[in-house]
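Now for the letters of each chain:
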Amino acid sequence: MFPSPLNDGTQWMAWAVFDGHAGWQTAELLKDQLLPFVRHSLSQVKSASSGQESIPDEVLHHAITKAFVDLDDSIIKTAMQTVQSSEPLQDKLKKLAPAYAGSCALLSMYDSVTSSLHVACTGDSRAVLGQQRPDGKWEAIPLSVDQTGSNENEVARINQEHPGEENIAKNGRILGMMVSRAFGDSRWKWPLDLQQDLKERFGGPSPLTPRYDVRTPPYLTAEPVVTTTKIDPSKPSFVILATDGMWDTLSNQHAVNLVGKWLNAQIHGHPNSEPKAEYKRVDFGDLGNGVNWEFEEARTTIQDDNVAVHLVRNSLGGNHHELIAGRLALGSPFSRSIRDDMTVQVVFFNCPRLPPK
């Protein structure tokens, strides 16, 4: 929680997930610095619009976007400035790491006074709102869109920014990168001569050339897509924030239904020991060959007190315990072919109070 940028004495709530790649350093930096950057940017908006009772959504969106872009610029420029500094080599390498690595970011902030949920997405983590209908069923409402090389709007945007360059987007990737927006990932942002210099002097990653035709970087941006959604106080609802590893196996509606079933079980009670399902022995060769690697309704199980763990369990195999154990037992980097890293948060609004544990 943090003080409202409106300076009205209320508190805003914030939740975020960060999905790093090519290293953990960028995600770790975002964990510490993204929200402070956003809070500072929002405070500047309030100062500039003093006297107004509220700030228009488009102004808030611009301030959040500026914070994301400013932080990424800081990551990239700090690395470039570090190269010219007189610091010891080990300190330079530490400061270069967040620029070499990369991360997606999904940030949501809730203003309880206006019941407004602001969601900012850079990359392919996803936010989905679950809202209960009058008939008791749960509706899945996407609050973000995956920004990848498979997103036609993203491909069109990048092609427009780099006219005359062919094959920037190919096979669902942007010059080999799955996401079209991310923090860090300097190889998609720095000039080629700088990349080559840093490779020779500091052991940085090789430039994307000659495998890819790199002419006019940057090709990736940390600029988020920001949405604002009113949470209806008359309807039970929740928001799921998760990295793409979970969405690889669950659809929006499947995830929302799973949370709805979990919530109902917590309120009305459920057996702690479900009948054990019988499955034949499996190995990873069975995935896709008789054993579904995605979510399967028949494997649904409710056995966890934590709803995020409940989602992860069912996304990896549900009541097929050997399948889950096997997928979790294989470590990085070999695990990448059978599961991706998952970070999941679920936030409840206007739902019945759960019994204490």
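Each remark here, short or long, concerns the structure printed above.
Since we're looking at a predicted model, the values are computed, not measured.

**Some remarks on the overall build of the chain**
Along the backbone of the chain there are nine helices and 12 strands. With respect to the principal axes defined by its C-alpha atoms, the chain has extents near 65 × 60 × 40 Å. Relative to its 357 residues, the chain shows a buried fraction of 48%. Sequence-distant contacts, at least 24 apart, represent 70% of the contacts inside the chain between residues at least 6 apart. As displayed, the chain offers around 17,800 Å² of accessible surface, 51% of which is attributable to carbon and sulfur atoms. Positive and negative charge centroids in the chain, built from 34 and 43 side chains respectively, lie 3 Å apart.

**So, the sheet that holds strand β5 (residues 126–132)**
Ordered in space as β6-β5-β11-β12, the four strands form an open sheet in which the pairing is antiparallel. Sheet topology places β6 (138–142) and β12 (344–349) at the edges, where each strand pairs with a single neighbour. The mean angle between the axes of side-by-side strands here comes to 20°, regardless of whether they run parallel or antiparallel. The sheet contact formed by strand β11 (residues 237–242) and β12 spans six bridges and is antiparallel. If you follow Leu 241 over to β12, its bridge partner there is Gln 345. Contacts from helix α7 (residues 252–268) reach β5, β6, β11 and β12 within the one sheet, and its direction differs from that of β6 by about 135°. Together, β11 and β12 form the strand contacts of helix α8 (residues 307–316), whose direction differs from that of β12 by roughly 130°.

**Comments concerning the nonpolar core**
Membership of the largest hydrophobic core comes to 34 residues, with the highest contact counts inside it found for Val 38, Phe 68, Phe 183 and Trp 190. If you list the elements that add at least two residues to this core, you get α1 (25–48), α2 (57–84), α3 (89–100), β3 (102–111) and α5 (192–202). In this view, Val 38 contacts Ile 64, Ala 67, Phe 68, Leu 107 and Met 109; residues no more than four positions away in its chain are not counted. Judged by nonpolar contacts, the second largest core, of 24 residues, contains Val 256, Leu 311, Val 344 and Val 346.

**Some details on the packing of α7 against α8**
Axis separation between α7 and α8 bottoms out at 10 Å; the angle between their running directions is 130°. The orientation of α7 with respect to α8, classified from their angle, is oblique. In this structure, α7 crosses over α8, and the sense of that crossing is right-handed. Taking contact as the criterion, the partners of Ala 255, Leu 258, Val 259 and Trp 262 in α7 are, on α8, Val 307, His 310, Leu 311 and Asn 314. Across the contact of α7 with α8, the residue classes break down as six nonpolar, two polar and no charged.

**A look at the packing of aromatic side chains**
One pass over the structure, following the stated rule, counts eight aromatic pairs. Ring-pair connections join several aromatic residues into one group, and the members of that group are Trp 138, Phe 238, Trp 262 and Phe 348.

**With respect to helix α9 (residues 321–329)**
By the burial criterion, the buried members of α9 are Leu 323, Ile 324 and Arg 327. Down the axis of α9, the sector holding all buried residues measures 95°, keeping them to one side. Buried residues along α9 sit in contact with α8.

**Some details on the pattern of salt bridges**
Tallied over the entire structure, the rule returns 17 salt bridges. Of the charged contacts, one joins Asp 32 and Lys 31 as a salt bridge, the two residues approaching to 3.2 Å between their closest N and O atoms. Accessibility expressed as a relative area gives 47% for Asp 32, which makes it partly exposed. Its salt-bridge partner being Arg 281, residue Glu 322 comes within 3.1 Å of it at the nearest N-O pair.

**A closer look at α5**
Every buried residue of α5 is listed here: Leu 194, Gln 195, Leu 198 and Phe 202. Buried residues along α5 cover an arc of 100° about the axis, so they all sit on one side. With respect to the buried face of α5, the exposed residues turned more than 90 degrees away are Asp 193 and Glu 200. Next to the buried residues of α5 lie α2 and α3. Positive backbone phi, approximately 70°, marks Gly 203, located one or two places after α5.

**Regarding unusual backbone geometry**
Note that the residue after Thr 209, namely Pro 210, is joined by a cis bond; omega there is 5°. Its place among the elements puts Pro 210 in the loop between α5 and β10 (225–230). Going from Ser 332 to Pro 333, the amide bond is cis rather than trans, its omega being 5°. With respect to the secondary-structure elements, Pro 333 resides in the loop between α9 and β12. In this model, Ala 22 sits at a positive phi of 60°, which is unusual for a non-glycine residue. Position of Ala 22 relative to the elements: it lies in the loop between β2 (11–21) and α1.

**What about the pairing of β3?**
The buried fraction of β3 amounts to 10 of the 10 residues, a majority that puts the element mostly inside the structure. Burial of β3 is two-sided: the residues Gly 102, Cys 104, Leu 106, Ser 108 and Tyr 110 facing one way and the residues Ser 103, Ala 105, Leu 107, Met 109 and Asp 111 facing the other way are all buried. One ladder, built from 10 bridges, connects β2 with β3; its direction is antiparallel. Counted as the bridge partner of Val 17 is Leu 106 from β3. Summarising the sheet, β3 and strand β4 (residues 116–122) pair through seven bridges and their orientation is antiparallel. Within the sheet, the bridge partner assigned to Asp 111 lies in β4 and is Ser 116. Counted between consecutive antiparallel strands, the loop separating β3 from β4 contains four residues, among which Ser 115 sits at a positive phi close to 55°.

What counts, and where the lines are drawn
One numbering rule holds for all chains: residues counted from 1, following each sequence as written. Local features in a predicted model are, by the rule used here, given only for residues with pLDDT of at least 70; side-chain atom pairs are given and counted only at 80 or more, and totals for whole chains, interfaces and linings are based on all residues. Neither water nor hydrogens contribute to the side-chain values; these are computed over all heavy atoms in the structure. Strands are runs of DSSP state E lasting at least two residues, helices are runs of H or I lasting at least four, and both sets are numbered from the N terminus onward. A simple rule labels every residue: compare its accessible area, found with a 1.4 Å probe on the protein chains alone, to the largest value its type can have, and call it buried under 20%, exposed over 50%, or partly exposed in between. Two residues form a contact once any of their heavy atoms are found within 4.5 Å. Each accessible area is a Shrake-Rupley estimate made with a 1.4 Å probe; only the visible protein chains count as cover when residues are assessed. The convention is simple: Lys and Arg are positive, Asp and Glu are negative, and His and the chain ends are not counted. One atom stands in for each charge, and that atom is NZ of Lys, CZ of Arg, CG of Asp or CD of Glu. Two strands qualify as a pair provided that DSSP identifies no fewer than 2 bridges between them. Only C-alpha atoms enter the line fits that serve as axes; for helices the fit covers just the stretch in contact. Angles between N-to-C directions range over 0 to 180 degrees. Put simply, a nonpolar core is a bunch of buried Ala, Val, Leu, Ile, Met, Phe, Trp, Tyr and Cys residues held in one set by side-chain atoms that sit within 4.5 Å of each other. The scheme is simple: roughly parallel for angles under 35 degrees, roughly antiparallel for over 145, roughly perpendicular for 65 to 115, oblique for anything else. Should the near helix be turned anticlockwise from the far one by less than a right angle, the crossing is termed left-handed; should it be turned clockwise, right-handed. For this classification, the nonpolar set comprises Ala, Val, Leu, Ile, Met, Phe, Trp, Tyr, Cys and Pro, the charged set comprises Asp, Glu, Lys and Arg, and every other residue, Gly included, is treated as polar. Side-chain rings of Phe, Tyr and Trp (the six-membered ring for Trp) are treated as a pair once their centres are within 6.5 Å; stacked means planes under 30 degrees apart, edge-to-face means over 60, and tilted covers the remaining angles. This arc describes the spread of directions from the helix axis toward the C-beta atoms. Throughout this description, the term salt bridge denotes a Lys or Arg side-chain nitrogen within 4 Å of a carboxyl oxygen of Asp or Glu.

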